[in-house]
Amino acid sequence: QSVLELGSGNGFLAVCLLAAHPKLQLLVATDTAEHLPLIQSTIDANASLVLPSSSSQAQTILVQEYLWGTGSLHQTFDLIIGSDVAYRDELHDPLIRALMECSHSNTIILLGVTMNDTKPQFFSKLTQHGFAYERLADHCLDPSFRGTQFAIFVVQRRSP
């Protein structure tokens, strides 16, 4: 399974994902260039949690710059994750281009958003570009996030 993290920031979500799924084959944690050293440091500092104990398990962890929608990754992923990536209007179009470039028909996309920051027009644009989305029910979230403005959306390409 291959995973792309958009807007990795400090790399914390990448470390959590790797720790939870040690058999993950590929994780590409991306952000703008100024964030890459921090992401790499976070992954390195948690190597005992994220690297498989068995040398027989191949795992690739890449930290790289990705400016959304530029076509520079040249691959698609099975899972795309991102948290607080649609909080400004000017991010919507590049983010959607990135989702289009990096997903295939079976890709699952999980986006964590703060609802007072992410405007309804983002979701309208997702639909216009051939994606379907559904908000996870509150009972699927940790109790501390239930009833808050934070939500996780599952996004997928619609079948033609």
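Right above here is the structure, for reference.
Given the structure is predicted, the values throughout are model-derived calculations rather than measurements.

(A) Expanded view of helix H2 (residues 36-45). Within the span of H2, buried status applies to Leu 36, Ile 39, Thr 42 and Ile 43. The buried side chains of H2 occupy one side of the element, clustering within an arc of 130 degrees when seen end-on. Those residues of H2 that are exposed and angled more than 90 degrees off the buried face are Pro 37 and Ala 45. Elements in contact with the buried residues of H2: helix H1 (12-20), strand S2 (26-31), helix H3 (47-50) and strand S3 (60-65).

(B) Structural detail: the sheet that holds strand S5 (residues 103-114). Strand order across the open sheet formed by seven strands is S3-S2-S1-S4-S5-S7-S6, with mixed pairing between neighbours. Each of the sheet's edge strands pairs with one partner strand only, and the pair in question is S3 and strand S6 (131-135). With direction set aside, neighbouring strand axes in the sheet form an average angle of 20 degrees. The pairing of S5 with strand S7 (residues 150-157) spans six bridges and is classified as antiparallel. Across the sheet, residue Leu 111 finds its bridge partner in S7, namely Phe 153. The sheet contacts of H1 involve strand S1 (2-5), S2, S3 and strand S4 (77-83), and relative to S2 the element is tilted by about 170 degrees. Together, S2 and S3 form the strand contacts of H2, whose direction differs from that of S3 by roughly 160 degrees.

(C) Broad picture of the pattern of salt bridges. Enumeration over the complete set of coordinates arrives at three salt bridges. Of the charged contacts in the structure, one is a salt bridge between Asp 89 and Lys 119, with a shortest N-O distance of 3.2 Å. Within this pair, whereas Asp 89 is found in helix H4 (residues 89-102), its partner Lys 119 is found in the loop between S5 and helix H5 (120-128), the two being separated by 30 residues in sequence. On the accessibility criterion, Lys 119 (39% relative accessible area) is partly exposed. Here Asp 93 ties to Lys 125 by a salt bridge, and the two come within 3.1 Å at their closest N and O atoms. Here Asp 93, found in helix H4, pairs with Lys 125, found in helix H5; they are 32 residues apart in sequence, far enough to count as distant. Here Lys 125 falls in the partly exposed class, since its relative accessible area comes to 21%.

(D) Examining the nonpolar core more closely. Leu 6 and Leu 99 are the most contacted members of the largest nonpolar core, which totals 27 residues. Ranked by residue count, the leading element in this core is H4, at six residues. Filtering out sequence-adjacent residues up to four positions away, Leu 99 remains in contact with Leu 6, Ile 80, Ile 109, Leu 111, Leu 126, Phe 131 and Arg 157. The next biggest cluster of nonpolar side chains, apart from the first, holds 14 residues, and it includes Ala 14, Ala 29, Val 50 and Leu 79.

Reading the values: rules and limits
Residue positions are given per chain, counting from 1 as you read along its sequence in written order. Selection of residues for local features in this predicted model requires a pLDDT of at least 70, selection of side-chain atom pairs for listing and counting requires 80 or more, and totals for whole chains, interfaces and linings are taken over all residues. Hydrogens and water are ignored here; the side-chain numbers use all heavy atoms of the structure. A simple rule labels every residue: compare its accessible area, found with a 1.4 Å probe on the protein chains alone, to the largest value its type can have, and call it buried under 20%, exposed over 50%, or partly exposed in between. In this text, helices come from DSSP runs of H or I with a minimum length of four residues, and strands from runs of E with a minimum of two, each type numbered from the N-terminal end. Here the arc refers to the directions that run from the helix axis out to each C-beta atom. The contact criterion used throughout is that any non-hydrogen atoms of two residues lie within 4.5 Å. We treat two strands as partners when DSSP finds at least two bridges between them. Lines fitted to C-alpha atoms define the axes, with helix axes restricted to the stretch in contact, and inter-axis angles between N-to-C directions lie between 0 and 180 degrees. Note on definitions: salt bridges are taken to be side-chain nitrogens of Lys or Arg within 4 Å of carboxyl oxygens of Asp or Glu. Only buried Ala, Val, Leu, Ile, Met, Phe, Trp, Tyr and Cys residues count toward a nonpolar core, and they belong to the same one when joined by side-chain atoms within 4.5 Å.

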